[in-house]
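Fold and geometry: a report
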Protein chains: 2
Amino acid sequence: MRVALTGGATGIGASVAAKLKARGAHVTAFDLNEPQDNVDRWIETDLGNPASIAAATEAAEGPFDALINNAGLPPRDGLEALILKVNYIGLRTFMDGMLARLSPNAAIVNTASRAGAMWRDNIEQVKALMALGSMDKVPAFVAAQDIDAVRAYNLSKEAVIALTIAGTEDMIARKLRMNSVSPAAVSTGILDDFLNAFGERAQKAIARAGRAGEADEIADVIVFLASPESRWIKGQDIVIDGGISAMLTSDMLALRP
Amino acid sequence: MRVALTGGATGIGASVAAKLKARGAHVTAFDLNEPQDNVDRWIETDLGNPASIAAATEAAEGPFDALINNAGLPPRDGLEALILKVNYIGLRTFMDGMLARLSPNAAIVNTASRAGAMWRDNIEQVKALMALGSMDKVPAFVAAQDIDAVRAYNLSKEAVIALTIAGTEDMIARKLRMNSVSPAAVSTGILDDFLNAFGERAQKAIARAGRAGEADEIADVIVFLASPESRWIKGQDIVIDGGISAMLTSDMLALRP
């Protein structure tokens, strides 16, 4: 199995690379930084830069059996435009560039987030982002829509979920399939960014689940969605949150007697 | 790994049993009929009969690492009350009886259905079914609510999804977890029941996905949800439909440019 993975140097991506290597896969990582372990080839890639993305997809040696779009920036003040560029437009541009390098029946897995769960409620803004043709329009979009770092992050992940759904029919026509995962808080190097950005609500959710998730718990699901075992799952977002969403839904709808 | 499985004789359940045996698991099947293959022990069980359920859970030798509630009746005229009894109340009663026989960190997987997707829209009727204390109240409920076979089937699966969500917090407190799967049309011995019941809409959906799902495609996801690889997924319903739901959602929200 040959796998293309964005963001393999740290966090969830590094755990995905480790699990894939343990299964004997050949892993090509696309990252700004060189992964220390578990990667057969590193292609330096800046997902916030269209020229870098074009060079990276050009340099990639397929065909790949899976494409895992995992790289992303956390909510951090001052990075609003870059978050939208990297997490959404860069992901989409990279994926489009990789389509010709995928094997028949290849799986695409996108890392979204529970922070993108409100994508339907924000559908007009999501569509506006999806309709931006290129990255150079992002700063004006951020200014016009008064988007702060938390909103930029949430919006980027909402758009990843919507893209995954919207792309289903085209993927089927290409004999590919695409799904996403939506982790809640995960113990990685960027957990503090999320705790700072989302505040007490995030702390309460973690307490209710018992703890934050672990990178390897998310990675196991990503590997499953990249594998033939999940072959009839298409266009779905899999929430991996230790039960937080279900408990909130149960409260909201008063499901428990 | 020791697994308790309802409905292991045919269809998706038989495929689950085969996959579990291939992994070296010990499988106890609870079914009306004796499974021909891949089962270490068969306990004759009628999920429409509380006495049979009580005897079966009493006879079960745990502890089990997974409980897979897969048995169910398809929509078939005249079976309205039995569908609600077996697919929902029997499932819940059996599960309650098995809780004491599960290992720490055991996983419960319930087979729901895409036919249960409208559970939120029908939440009042779902709650009314969930509030029925016992099976003997089902016939009066069916009559009072004028429930036909298709509605009985859909309602039973809506309630399974709601039960899975509602049970999350209790499961966490017990160090267990529970999820469900929602297959669309699957090529099994009861596919014709679904095609007759759901008519042209089902045919169109199958055509758009390219074909119906296969039992082993659903079984692979059930086995994943029963396994430690999915350990941080709790209270979720995983849709396995070859992209049908995503394509319908994309149409409805006009997600494609």
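Residues numbered from 1 in each chain as written. Chains lettered and ligands numbered in written order. Predicted model: local features only at pLDDT ≥ 70, side-chain atom pairs only at ≥ 80, totals over all residues. Heavy atoms only, no water.

An unreviewed UniProt entry lists chain A under the name SDR family oxidoreductase, with Hoeflea poritis as the source organism.

Our next topic: the packing of helix α8 (residues 191–209) of chain A against helix α10 (residues 244–252) of chain A. Residue and element names in this part refer to chain A. Orientation of α8 relative to α10, taken along the N-to-C sense of each, is 100°, at an axis distance of 9 Å. Classified by the interaxial angle, the pair formed by α8 and α10 is roughly perpendicular. Of the residues in α10, those in contact with A205, I206, R208 and A209 of α8 are I244, M247, L248 and D251. (Axes fitted to C-alpha atoms, helices over the stretch in contact; angles between N-to-C directions. Helix = DSSP H or I, 4+ residues; strand = E, 2+ residues; numbered from the N terminus. Parallel < 35°, antiparallel > 145°, perpendicular 65-115°, else oblique. Contact = heavy atoms within 4.5 Å.)

Moving on: the packing of aromatic side chains. Applying the stated rule across the entire model yields 9 aromatic pairs over all chains. Taking 3.7 Å as the distance between ring centres and 0° as the angle between the ring planes, the aromatic pair formed by A:F224 and B:F224 counts as stacked. In this pair, A:F224 sits in helix α9 (residues 215–225) while B:F224 sits in helix α9 (residues 215–225), so the two residues belong to two different chains. Comparing A:F224 with B:F224 shows no difference in burial state: the two are buried. (Phe/Tyr/Trp six-rings, centres within 6.5 Å; stacked < 30°, edge-to-face > 60°. Buried < 20%, exposed > 50% of the residue type's maximum accessible area, 1.4 Å probe, protein only.)

Residue and element names in this part refer to chain A. Within the open sheet, the 7 strands sit side by side as β3-β2-β1-β4-β5-β6-β9. Their pairing is parallel. At either end of the open sheet lies a strand with only one pairing partner, and these are β3 (41–44) and β9 (237–240). Strand-to-strand, the axes of this sheet are offset by a mean angle of 20°, without reference to chain direction. In the packing of helix α6 (residues 149–166) onto the sheet, the strands contacted are β5 (102–111), β6 (177–183) and β9, and the crossing angle to β6 comes to about 150°. (Pairing = 2+ DSSP bridges.)

What follows concerns the sheet that holds strand β6 (residues 177–183) of chain B. Residue and element names in this part refer to chain B. Within the open sheet, the 7 strands sit side by side as β3-β2-β1-β4-β5-β6-β9. Their pairing is parallel. Each end of this open sheet is capped by a strand with a single partner; those strands are β3 (41–44) and β9 (237–240). Taking each pair of neighbouring strands and ignoring which way they run, the sheet shows an average axis angle of 20°. Pairing between strand β1 (residues 2–6) and strand β4 (residues 64–69): 4 bridges, direction parallel. Each bridged residue has a counterpart across the sheet, and for L5 the counterpart in β4 is I68. Of the strands in this sheet, β1, β2 (26–31), β4 and β6 are in contact with helix α1 (residues 11–22), which crosses β1 at around 170°.

Within α10(A) the residues assigned to the buried category are A:I244, A:S245, A:A246, A:M247, A:T249 and A:S250. Next to the buried residues of α10(A) lie α8 and β9 of chain A together with α6 (149–166) and α7 (168–173) of chain B.

It is worth spelling out unusual backbone geometry at this point. A:P63 follows A:G62 through a cis peptide bond whose omega is -5°. Backbone geometry at A:N38 places phi at a positive 65°, although glycine is not the residue there. Secondary-structure assignment places A:N38 in the loop between β2 (26–31) and β3. Backbone geometry at B:D146 places phi at a positive 55°, although glycine is not the residue there. Structurally, B:D146 can be placed in the loop between α5 (138–144) and α6. The exposure class assigned to B:D146 is exposed, which follows from its relative accessible area of 70%.

Counted under the stated rule, the structure contains 26 salt bridges over all chains. Between A:R76 and A:D193 there is a salt bridge, and its shortest N-O distance comes to 2.8 Å. With a gap of 117 residues between them, A:R76 in the loop between β4 (64–69) and α3 (80–98) and A:D193 in helix α8 connect regions that are remote in the sequence. On the accessibility criterion, A:R76 (39% relative accessible area) is partly exposed. A residue is classified by how much of its surface remains accessible, and A:D193, at 14% relative accessible area, is buried. Via salt bridges that share partners, A:K19, A:R211, A:D216, A:E217, A:D220 and B:R231 belong to a single interconnected network. (Salt bridge = Lys/Arg side-chain N within 4 Å of Asp/Glu carboxyl O.)

Counting from both sides, the interface comprises 46 residues of chain A and, opposite them, 46 residues of chain B. Buried surface at the junction of chain A and chain B, summed over both partners, amounts to about 4,100 Å²; 61% is from carbon and sulfur atoms. Among the residues chain A hides against chain B, the three largest losses belong to A:E169, A:W232 and A:L255. Together they make up 20% of the total. The interface formed by chain A and chain B includes 12 salt bridges. Residues A:R256 and B:E169 are paired through a salt bridge, measuring 3.4 Å at the closest nitrogen-oxygen approach. (Buried area = accessible area lost by both parts, 1.4 Å probe.)

On to the relation of the copies chain A and chain B. The transformation that overlays chain A on chain B combines an axial shift of 0.0 Å with a rotation of 180°, and the residual RMSD is 0.0 Å. Taken together, the rotation and translation describe the operation of a two-fold axis. Distance from the rotation axis, computed per C-alpha, reaches its smallest value in chain A at A:I238: 3.5 Å. Residue by residue, 100% of the interface of chain A is reproduced at the interface of chain B, so both copies engage with the same surface. (Least-squares fit on C-alpha atoms with pLDDT ≥ 70 in both.)

Glancing now at the nonpolar core. In this structure, A:V16, A:I68, B:V16 and B:I68 are the most contacted members of the largest nonpolar core, which totals 57 residues. The residues touching B:I68, leaving out its near neighbours within four places in the chain, are B:V3, B:A4, B:L5, B:T6, B:V16, B:L20, B:V109, B:I222 and B:A226. (Core = buried A, V, L, I, M, F, W, Y, C linked by side-chain atoms within 4.5 Å.)

Our focus in this paragraph is the environment of A:A207. Residue and element names in this part refer to chain A. Within the secondary structure, A207 is located in helix α8. Residue classification places A207 among the exposed residues on the basis of a relative accessible area of 57%. Separated by 37 residues in sequence, A207 and I244 have C-alpha atoms that sit 9.6 Å apart.

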